[in-house]
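Tertiary structure, described
Okay, here's what each chain looks like letter by letter:
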Amino acid sequence: MDFRILRRMGHFLAVAEEGHFGRAAARLGVSQPPLTAQIQALEAELGVRLLERTRKGARPTREGEALLPILRRLAEEAKQVESLARELRAGRHAPMAMACVTSALFDYLPPLVRGLRAAAPDSALAVREMDTADAVEALRRGEVDFALARLDRDRPPLRVMPLGSDALVAALPEGHALLAEAGPLPLAALAGEALVLLPRSISPAYFDRQVSACREAGFEPVAMREVGSAMAQLAFVAAGLGVALVSSGMAVLQPPGVAFRALAGPVGSVGVALVWNGERETEAARAAIAVARGAFPAAGDAA
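The structure displayed is predicted, hence computed values, not measured ones.

This brings us to the environment of Met-224. As for its placement among the helices and strands, Met-224 is situated in strand S9 (residues 222–226). Considering only alpha carbons, one finds Met-224 and Leu-195, 29 residues apart in sequence, at a separation of 5.5 Å.

The next thing to look at is the pairing of strand S11 (residues 258–262). On any regular strand, side chains alternate: one points to one face of the sheet, the next to the other face. In terms of burial, S11 is largely enclosed, as 4 of its 5 residues are buried. The pairing of strand S7 (residues 166–173) with S11 spans 5 bridges and is classified as antiparallel. From the neighbouring strand, Ala-171 faces S11, where its bridge partner is Phe-260.

Okay, helix H6 (residues 132–141) next. Listing the buried residues of H6 in full gives Thr-132, Ala-135, Val-136, Ala-138 and Leu-139. Buried residues along H6 cover an arc of 165 degrees about the axis, so they all sit on one side. Near the N-terminus of H6, the side chain that reaches the backbone nitrogen of Ala-133, with its oxygen 3.1 Å away, is that of Asp-131. Looking one or two places after H6, you find Gly-142, whose phi comes out positive at around 80 degrees.

A few words now on the packing of helix H5 (residues 109–119) against helix H9 (residues 283–295). It is the contact of H5 with H9, at a shortest axis distance of 9 Å, that shows an interaxial angle of 115 degrees. Judged by the twist between their axes, the crossing of H5 over H9 is right-handed. Two secondary-structure elements touch here, H5 through Leu-112, Gly-115, Leu-116 and Ala-119 and H9 through Ala-287, Ala-288, Val-291 and Ala-292. When grouped by side-chain class, the residues that make up the contact of H5 with H9 number 7 nonpolar, 1 polar and no charged.

Once that is clear, we can look at the pattern of salt bridges. Under the definition given, this model contains 14 salt bridges. With a shortest N-O distance of 2.8 Å, Glu-52 and Arg-59 are connected by a salt bridge. Glu-52 gets classed as partly exposed once you look at its relative accessible area, which sits at 24%. Since its relative accessible area comes to 48%, Arg-59 is described here as partly exposed.

Procedures and definitions
- Residues numbered from 1 in each chain as written.
- Predicted model: local features only at pLDDT ≥ 70, side-chain atom pairs only at ≥ 80, totals over all residues.
- Heavy atoms only, no water.
- Helix = DSSP H or I, 4+ residues; strand = E, 2+ residues; numbered from the N terminus.
- Buried < 20%, exposed > 50% of the residue type's maximum accessible area, 1.4 Å probe, protein only.
- Pairing = 2+ DSSP bridges.
- Arc of directions from axis to C-beta.
- Polar contact = N/O pair within 3.5 Å; in protein donor to acceptor, adjacent residues only side chain to side chain.
- Axes fitted to C-alpha atoms, helices over the stretch in contact; angles between N-to-C directions.
- Left-handed = near helix turned anticlockwise from the far one by under 90°.
- Contact = heavy atoms within 4.5 Å.
- Nonpolar A, V, L, I, M, F, W, Y, C, P; charged D, E, K, R; others polar.
- Salt bridge = Lys/Arg side-chain N within 4 Å of Asp/Glu carboxyl O.

Written out as structure tokens, the structure is:
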């Protein structure tokens, strides 16, 4: 597959997301006739009709809807390829690939990346947002050199270096009755509340810690539904569809419609760790280990 078809996929996604050829063309910075031609070429390449015009604009066909998730993933991976290629053209070398869980994007990723940039300014760095389970598999397959993930111990061949402790906080919809109480919130106050949870498959240790904390507080958590990401948790809470226990690192986002409350105790969680494959330890992984020991006091203690 060449980059032309990937570019055409991006054009299709723009129309599907905007629901209008004109708005999609403006977003892409192209005129409408070439955009239409690119999508027609993509339809010919794939052998299916992807879009249908309506009185209000355009919408994906049934075949287009079925292909949307795959095309979004391919388009995102194409952006990563182009980004890495730009860095390589700029003279960077020894590319490093890392995975990062959503909850580490704001407090752990920046100092690690700054340290890596300072230590190896000519190295290209590709960062992929993944949940812990996907990061573990990517490390096993050698697709990334290291990861910021939520693991509490070594899982051979994976090595784990804790970077700091973490605590759970309650994420509540604005106006929730529990927000009227002052001070840290007892975890038992959430008994009977519908919890919006991440599936255990995403991060078993993180999930198990939440469930065990609820049991220690004297109740069995009631899961209203499971969602695929920490950002989705906050969106569901903002919509009033439940409450959530989230990493304290997520509270820095302060999304509209969500209020965060510290839990009495506090209630410890599985912290973020630097993880790498001990059987295929790369130069990039060794660089990340060295930087982490200097950037995070807990990592230095673990050394």
